[in-house]
Amino acid sequence: MRTPCAAPPLDPERFRPDFPILGRMVHEGVPLVYLDNAATSQRPRQVIEAMTDAYERHYANVHRGIHTLSAEIDELYEGAREKVRAFINAPRDASNDDNPATTQEVIFTSGATHSINLVARSWGDANVRPGDEILVTEMEHHSNLVPWYQLAQRTGAVVRHIPLTDDGLLQLDSLDRLLTKRTRLVAVSAVSNVLGTINPVREIIRRAHDAGAVVLVDAAQSAPHQPTDVQAMDCDFLAFSGHKMLGPSGVGVLYGKRDLLEAMPPFMGGGGMISEVTLEGFRPLYLPGKFEAGTPPIVPAVALSAAIDYLGAVGLEAIAAHERLLTQRTHEVLESVGGLRIIGPAPEHKAGIVSFVFASGRPSGHDVAQFLDRYGIAVRTGHHCTMPLHKRFGVSATVRASFYLYNTLAEVDKLGEALAAAKRAPFSAFLSAARSE
Ligand code: PMP
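Residues numbered from 1 in each chain as written. Predicted model: local features only at pLDDT ≥ 70, side-chain atom pairs only at ≥ 80, totals over all residues. Heavy atoms only, no water.

(A) Summary view of the side chain of Ser241. Tracing the backbone through its elements, the reader meets Ser241 in strand 9 (residues 237-241). Once residues within four sequence positions are removed from consideration, Ser241 is found in contact with Gly111, Ala112, Val251 and Gly252. (Helix = DSSP H or I, 4+ residues; strand = E, 2+ residues; numbered from the N terminus. Contact = heavy atoms within 4.5 Å.)

This is how it looks when you write it as structure tokens:
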């Protein structure tokens with residue numbers, strides 16, 4: 001039996017009309033239930049209109065010209081940078097003769113993956129030596145693992161992992177052993193994209209700093225869903241993507257502390273990142289342009305600014321509270337279906353992400369996702385770019401339901417009903433039913 005829930009602090013029905021795609025049907029008349037937000041969110045009309053407006057009225061390249069459109073797009077693009085700065089509470093810089101930019105610590109990239117690779121290449125190659133250690137966790141997304149493995153291959157460093165409890169929490173007591181004099185960098189996600197675990201990043205950062213290490217926070221799954229304050233966190237680097245937070249794909253953010261960014265060599269070379277090029281060589285531009293070689297994601301950045309406005313109007317605290325309710329209800333619903341194993345901690349330790357498998361191994365994650373699709377329910381199945389994490393829990397794939405501000409408790413109940421039907425359905429029968437259509 002389900003326990004009664006308190007009234008939701010945020011009414012998702014208020015926001016749903018802003019998202020055109022949520023009104024569509026799938027499979028002839030079945031309403032879409034979009035529970036794949038950890039992969040990518042949907043966009044409200046306000047964000048789509050910001051993109052259209054930029055293309056229809058203001059589009060030109062940035063930082064290139066003095067004509068009217070050029071000035072307008074510069075203002076929109078740099079305005080977006082300032083919006084991101086405030087969103088993560090990065091410091092505002094005083095402009096001076098050497099650098100007129102007032103937002104020097106926010107770099108636009110193509111996404112979290114690009115941001116992390118930038119740090120691994122630029123900071124990593126300059127600072128990591130043979131025998132040095134890079135500390136990650138067993139729950140990291142491949143985007144926060146592979147760049148460090150590549151760095152280790154290039155430099156002769158060693159990658160170590162913070163292990164997990166069977167509940168999907170970090171074993172923090174291992175930090176005493178794992179943080180050593182050789183640890184140069186700790187790279188940790190604020191929220192796991194599979195377990196949903198909210199990691200104690202502030203404590204990890206404090207302890208890493210005590211050990212003399214620099215910390216990168218992968219905020220791909222946290223920045224869209226809870227307030228981010230890089231100064232309170234005291235992280236050295238922070239990475240996230242626009243497409244998971246109501247913005248467009250193709251734009252992401254790297255925040256870095258100014259002294260670190262200033263000391264780092266440019267990651268990519270090209271137009272836009274130089275102050276002078278001669279036949280002998282080049283001098284890089286000041287921050288943040290130094291790290292934005294080539295034409296940046298101009299319109300996606302402008303639309304990300306509109307997404308931040310939207311999130312700000314709803315309120316990130318309210319979004320986080322709403323997702324806690326959805327997660328709590330999902331756990332209750334899955335328990336009442338029975339036969340399911342949730343991979344990850346209890347709801348009080350997690351954000352709006354719930355991954356699970358049928359404990360018997362049948363139906364498989366792939367079959368479950370295909371079955372749910374008949375009910376209009378979009379979930380993700382597979383390893384979600386976390387193969388080591390899946391190995392840790394002895395499964396090759398999980399089914400993941402992940403939420404956002406527009407998801408409703410009724411949608412969670414629908415997920416429960418569809419899973420109960422999947423459990424009842426003879427395995428071969430429902431597969432062939434799915435195939436026959
Ligand atoms: N880190 C985490 C925790 C993620 O969930 C993702 C996206 N699934 C990424 C990094 C990479 O983000 P992107 O693909 O937008 O670069």
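Now that the structure is up, let's keep going.
(B) Quick peek at the pairing of strand 8 (residues 214-218). Of all the 5 residues making up strand 8, 5 are buried; the element is thus mostly covered by neighbouring parts of the structure. The alternating pattern of strand 8 places Val214, Leu216 and Asp218 and Val215 and Val217 on opposite faces, both of which are buried. Where strand 7 (residues 183-189) meets strand 8, 5 bridges bridge the pair, whose relative direction is parallel. For Val188, the partnering residue across the bridge sits in strand 8 and is Val217. (Buried < 20%, exposed > 50% of the residue type's maximum accessible area, 1.4 Å probe, protein only. Pairing = 2+ DSSP bridges.)

(C) Spotlight on the sheet that holds strand 13 (residues 340-343). Pairing within the open sheet is antiparallel, and its 4 strands lie in the order 13-14-17-16. Both edges of this open sheet fall to strand 13 and strand 16 (380-382), since each of them pairs with a single strand only. The average angle at which neighbouring strand axes cross in this sheet is 30 degrees, direction not considered. Relative to strand 14 (residues 353-358), helix 11 (residues 316-337) is tilted by about 10 degrees, and along the sheet it contacts strand 13 and strand 14. Its contacts with the sheet place helix 12 (residues 365-374) against strand 14, strand 16 and strand 17 (398-402), and it is angled at close to 160 degrees to strand 16. (Axes fitted to C-alpha atoms, helices over the stretch in contact; angles between N-to-C directions.)

(D) Structural view of the packing of aromatic side chains. Throughout the structure, instances matching the rule amount to 8 aromatic pairs. Ring centres of Tyr77 and Phe108 lie 5.2 Å apart, and the angle between their planes is 45 degrees; this geometry places the pair in the tilted category. With Tyr77 in helix 3 (residues 68-88) and Phe108 in strand 4 (residues 106-109), this pair connects stretches of sequence that are 31 residues apart. For the residue pair Tyr77 and Phe108, the accessibility class agrees, reading buried in each case. In textbook terms, an aromatic cluster arises when at least three aromatic residues are bridged by ring pairs, as seen for Phe15, Phe19, Tyr310, Tyr404 and Tyr406. Taking NZ or CZ as reference, Arg392 lies 4.9 Å from the ring centre of Phe393, over its face. (Phe/Tyr/Trp six-rings, centres within 6.5 Å; stacked < 30°, edge-to-face > 60°. Lys NZ or Arg CZ within 6 Å of the ring centre and 35° of its normal.)

(E) Structural detail: the pattern of salt bridges. Inspection of the entire model under this criterion finds 21 salt bridges. Between Arg57 and Asp53 there is a salt bridge whose closest N-O contact spans 3.0 Å. Here Arg57 and its partner Asp53 are both found in helix 2 (residues 45-58), 4 residues apart, which amounts to about one turn of the helix. Residue Arg57 is classed as exposed on the basis of its relative accessible area, which comes to 54%. What makes Asp53 partly exposed here is its relative accessible area of 33%. The network of salt bridges with shared partners includes Glu78, Arg81 and Glu292. (Salt bridge = Lys/Arg side-chain N within 4 Å of Asp/Glu carboxyl O.)

(F) Spatial organisation of the site of the ligand. Within the structure, the ligand sits among Gly111, Ala112, Thr113, His141, Ser143, Asn193, Asp218, Ala220, Gln221, Ser241, His243 and Lys244. For the ligand, an oxygen atom lies 3.4 Å from a polar atom in the backbone of Ala112. Within the side chain of Gln221, an N or O atom sits 2.7 Å from an oxygen atom of the ligand. Taking 400 Å² as the accessible area of the ligand by itself, protein coverage stands at 85%. When its residues are assigned to classes, the shell around the ligand shows 2 nonpolar, 8 polar and 2 charged. (Near = heavy atom within 4 Å. Polar contact = N/O pair within 3.5 Å; in protein donor to acceptor, adjacent residues only side chain to side chain. Areas by Shrake-Rupley, 256 points an atom, 1.4 Å probe, with all protein chains shown as cover. Nonpolar A, V, L, I, M, F, W, Y, C, P; charged D, E, K, R; others polar.)

(G) Expanded view of helix 3. Taking 1.5 Å of rise per residue, 21 residues should cover 30 Å, and helix 3 covers 31 Å from first to last C-alpha, within 8% of that figure. Immediately beyond the C-terminal end of helix 3, within one or two residues, lies Asn89, with a positive phi of roughly 55 degrees. (Expected span 1.5 Å × (residues − 1).)

(H) A look at the packing of helix 4 (residues 112-127) against helix 5 (residues 146-155). In contact at an axis separation of 9 Å, helix 4 and helix 5 are set at 25 degrees when each is read in the N-to-C sense. Classified by the interaxial angle, the pair formed by helix 4 and helix 5 is roughly parallel. Classified by chirality, the crossing of helix 5 by helix 4 is right-handed. Seen from helix 4, the contacting residues are Ile116, Asn117, Val119, Ala120, Arg121, Gly124 and Asp125; seen from helix 5, they are Pro147, Trp148, Gln150, Leu151, Arg154 and Thr155. (Parallel < 35°, antiparallel > 145°, perpendicular 65-115°, else oblique. Left-handed = near helix turned anticlockwise from the far one by under 90°.)

(I) Representation of the side chain of Ser143. Relative to the assigned elements, Ser143 resides in the loop between strand 5 (133-137) and helix 5. At 2.9 Å, the side chain of Ser143 and the side chain of Thr113 are in polar contact.

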